[in-house]
Amino acid sequence: MAIKGEQTRARLIDAARTLVEERGYYGTGLNEVIEAGRAPRGSLYHHFPGGKEQLAAEAVAASGREVDALIRSLADEAAGTAALIDAVLDALAGRMEAAGYAKGCPIATVALEVAATHDALQQVCAGAYDGWERALADRLVADGRPPGEAEDLACSLLALIEGALVLARARRSLVPVERARRSVAVLLGA
């Protein structure tokens, strides 16, 4: 029985991840999550007694961990920071384009929508961004940048990635991503 419950919980989180990224926190209804997660109605509050906010927080956290793992994996393979940013842009822009621009950054939609009004969700979003920024700073340090400079550059690079994804999604065009690639080279002096 425990395995079945864990599977139901995981399906609900996966459904929430997709729906919240595509439609936002307010645009996602619990009935839609239950349907997409193929879960019995009573299971939602059993697994998420904090309701929609708890479910969304866990969904955003899972998405954040996934992107963090992606960045760290790409950092291990990349020849340098510029190559890492290029690979991150490829991965995130690729999934956005494949989804018909319904997806972009899995955190941005929620962060922009509720950061000022839902402390728990704001903290989860900030934590995800902090992790990504740390991963970028770690790579910059490995490339020989001093820690303080690496932190500043990591913040700028993350802002560039996020901004490019938001603009690309809004315009339904990868042009902002291509412009961001060129700006990365300028920022890094590559």
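Residues numbered from 1 in each chain as written. Predicted model: local features only at pLDDT ≥ 70, side-chain atom pairs only at ≥ 80, totals over all residues. Heavy atoms only, no water.

Considerations on the confidence of the model for the protein
Move 1: When the pLDDT values of the protein are averaged, the result is 94; 99% of them are 70 or greater.
Move 2: When mean pLDDT is compared element by element in the protein, helix α8 (residues 147–171) scores highest at 97, while helix α3 (residues 43–47) scores lowest at 88. (pLDDT = per-residue confidence, 0-100. Helix = DSSP H or I, 4+ residues; strand = E, 2+ residues; numbered from the N terminus.)

Observations regarding the pattern of salt bridges
Move 1: Considering all chains together, one arrives at eleven salt bridges under this definition.
Move 2: Two residues, Glu58 and Arg9, come together in a salt bridge whose shortest N-O distance is 2.7 Å. Within this pair, whereas Glu58 is found in helix α4 (residues 51–77), its partner Arg9 is found in helix α1 (residues 2–23), the two being separated by 49 residues in sequence.
Move 3: On the accessibility criterion, Arg9 (25% relative accessible area) is partly exposed.
Move 4: Residue Arg145 is joined to Glu149 by a salt bridge in which the shortest nitrogen-to-oxygen separation is 2.7 Å.
Move 5: In this structure Arg145 comes out as partly exposed when scored by relative accessible area, which is 22%.
Move 6: Among the ionic contacts, a cluster of salt bridges with common partners joins Asp86, Asp90, Glu178 and Arg181. (Salt bridge = Lys/Arg side-chain N within 4 Å of Asp/Glu carboxyl O. Buried < 20%, exposed > 50% of the residue type's maximum accessible area, 1.4 Å probe, protein only.)

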